[in-house]
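# Coordinate inspection notes
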Amino acid sequence: MTPKPQRIALLWDIDGTLLDTKGIAAKQLVESFNGVTGRCGTIYPGQYSGFTDFEIVLDLLQRAGLSRDIARAEEILTHYGIRLKDRLLENPPRLLADVQTVFQKIELLPYIQHFIGTGNSKLGAEAKITASGLKKYFTGNSYFISTQARVSRDQIIRAAAEEISLPILVIGDSDRDIFSAKKNCLKVLAMATGHHKVDKLKSLNPDFLLGENWNAKEFLDVISLFSLEIRD
Ligand SMILES: [Mg+2]
């Protein structure tokens, strides 16, 4: 008799892994920072890759000579999230590599469940996932995001590891995704779809690695390997 497929959880990073907002999110974050604080913040492309929203805003506050006030950071991120939603509905994010096909195929595989494990704050994450058409693949309680109480990526991934009662595969594009997965004893699939090149990611020894233009077959092969490894 064929064994029943092992139930697994895929814990997806957002930016550089699922989608690219083409600079719109960073632009809005700077505008919100400047609007709320009256100072001039800047974000260069890739500067904060792998950072959480709270880490970025706290750093911007510090660079502007202001205190790293977490409530102020929340205020800026709320301002940002509300405006980002409208901006992305007008100009939706681009889905990366073969993400669209993978979600369509996995919809037919009920033993695989999707979760978000992101450094995005609540409104930012929701705006990006909704505008990119991926919302239907994630239930309301499948978001592990950056909050005042969970500023670092390690804390976010730890919360997911504690709350999801399935074997988890972390999927991300940055060095920080790999470090956080390893710190929490989780397997990690790195993909070179963001600001980090494949050689750089490879040097950090992720359990699985896909290139910049990965396709659905390559992705599903990784899932099969992961499922085999956790069965042993
Ligand atoms: Mg990322």
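Residues numbered from 1 in each chain as written. Predicted model: local features only at pLDDT ≥ 70, side-chain atom pairs only at ≥ 80, totals over all residues.

## Focus: the sheet that holds strand β1 (residues 8-12)
Backbone-to-backbone hydrogen bonds join strands into a sheet, with any given pair of strands oriented parallel or antiparallel. Note the threshold: Pairing between strands requires that DSSP locate at least two bridges from one strand to the other. The numbering of helices and of strands both runs from the N terminus, where a helix is a DSSP run of H or I of at least 4 residues and a strand a run of E of at least 2. A residue pair is marked as a contact if its C-beta atoms, positioned from the backbone, fall within 7 Å. In this analysis, axes come from line fits to C-alpha atoms, helices being fitted only over the stretch in contact, and the angle between any two N-to-C directions falls in the range 0 to 180 degrees.
Strands sit in the order β5-β4-β1-β6-β7-β8 across an open sheet of six strands; the sheet is parallel. Single-partner strands in this sheet number two, and they are β5 (143-144) and β8 (208-210). Here β1 pairs with strand β4 (residues 112-117) via five bridges, running parallel. Residue pairing across strands places I8 opposite I112, the latter belonging to β4. Packing against the sheet, helix α6 (residues 153-163) makes contact with β1, β4, β5 and β6 (168-172), and its axis sits at approximately 150° to β4.

## Considering the pairing of β4
Which entries qualify depends on this criterion: When the strands point away from the viewer and the connection leading from the first strand across the helix to the second strand turns clockwise, the crossover is called right-handed.
The pairing of β4 with β5 spans two bridges and is parallel. Its bridge partner being in β5, G117 is matched across the sheet by F144. On the question of chirality, the crossover connecting β4 to the parallel β5 by way of helix α5 (residues 122-131) is right-handed.

## Thoughts on the nonpolar core
What counts here: As used throughout, a nonpolar core is a set of buried Ala, Val, Leu, Ile, Met, Phe, Trp, Tyr and Cys residues joined through C-beta atoms within 7 Å of each other. Counting other C-beta atoms within 10 Å of a residue's own tells you its class, since 20 or more makes it buried, 12 or fewer makes it exposed, and anything in between is partly exposed; those C-beta atoms are placed from the backbone.
L11 and V170 are the most contacted members of the largest nonpolar core, which totals 41 residues. When residues no more than four places from it in sequence are discounted, the contact partners of V170 are L11, G117, I157, D177, A181, L186, K187 and V188. The next biggest cluster of nonpolar side chains, apart from the first, holds 18 residues, and it includes L29, L58, A73 and A127.

## Things to note about the environment of G23
In this structure, G23 sits in the loop between β2 (19-20) and α1 (24-37). Residues G23 and G46 lie 23 residues apart in sequence; the distance between their C-alpha atoms is 9.9 Å.

## Description of the packing of helix α4 (residues 99-106) against helix α9 (residues 216-231)
Condition: Oblique is the label for any angle not under 35 degrees, not over 145, and not in the 65 to 115 range, which are roughly parallel, roughly antiparallel and roughly perpendicular in turn. By definition, turning the near helix anticlockwise from the far helix through less than a right angle yields a left-handed crossing, and turning it clockwise yields a right-handed one. The classification used treats Ala, Val, Leu, Ile, Met, Phe, Trp, Tyr, Cys and Pro as nonpolar, Asp, Glu, Lys and Arg as charged, and all other residues, Gly among them, as polar.
Across the interface, α4 lies against α9 with an axial gap of 9 Å and an inter-helix angle of 50°. The pairing of α4 with α9 is recorded here as oblique in orientation. Note on packing geometry: the crossing formed by α4 with α9 is right-handed. For the pair α4 and α9, contact is made by T101, V102 and K105 and by A216, F219 and L220, respectively. For the contact of α4 with α9, the class distribution of residues is four nonpolar, one polar and one charged.

## Section: the environment of K85
On the secondary structure map, K85 appears in helix α3 (residues 70-90). The sequence separation of K85 and I171 amounts to 86 residues, and the corresponding C-alpha distance is 24 Å.

## What about the pairing of β6?
Taken residue by residue, a regular strand's side chains alternate between the two faces of the sheet. Within β6, five of the five residues are buried, which leaves it mostly tucked inside the rest of the structure. Burial of β6 is two-sided: the residues I168, V170 and G172 facing one way and the residues L169 and I171 facing the other way are all buried. In this sheet, β6 lies alongside β1 in parallel orientation, the contact comprising four bridges. By the bridge assignment for β6, A9 is matched with I168. In this sheet, strand β7 (residues 187-191) lies alongside β6 in parallel orientation, the contact comprising four bridges.

## Here's the deal with the domain arrangement of the protein
Convention followed: Domain delimitation follows an automatic or database domain assignment.
The assigned domain composition of the protein is domain 1 (8-21 + 93-231) and domain 2 (24-90). Computed from C-alpha coordinates alone, the two centres of domain 1 and domain 2 are separated by 23 Å. Listed as interface residues are 24 residues of domain 1 and, on the opposing side, 21 residues of domain 2. Of all the elements in the fold, those that place two or more residues in the side of domain 1 that touches domain 2 are α5 and α7 (175-183). Across the side of domain 1 that touches domain 2, the residue classes break down as five nonpolar, 13 polar and six charged.

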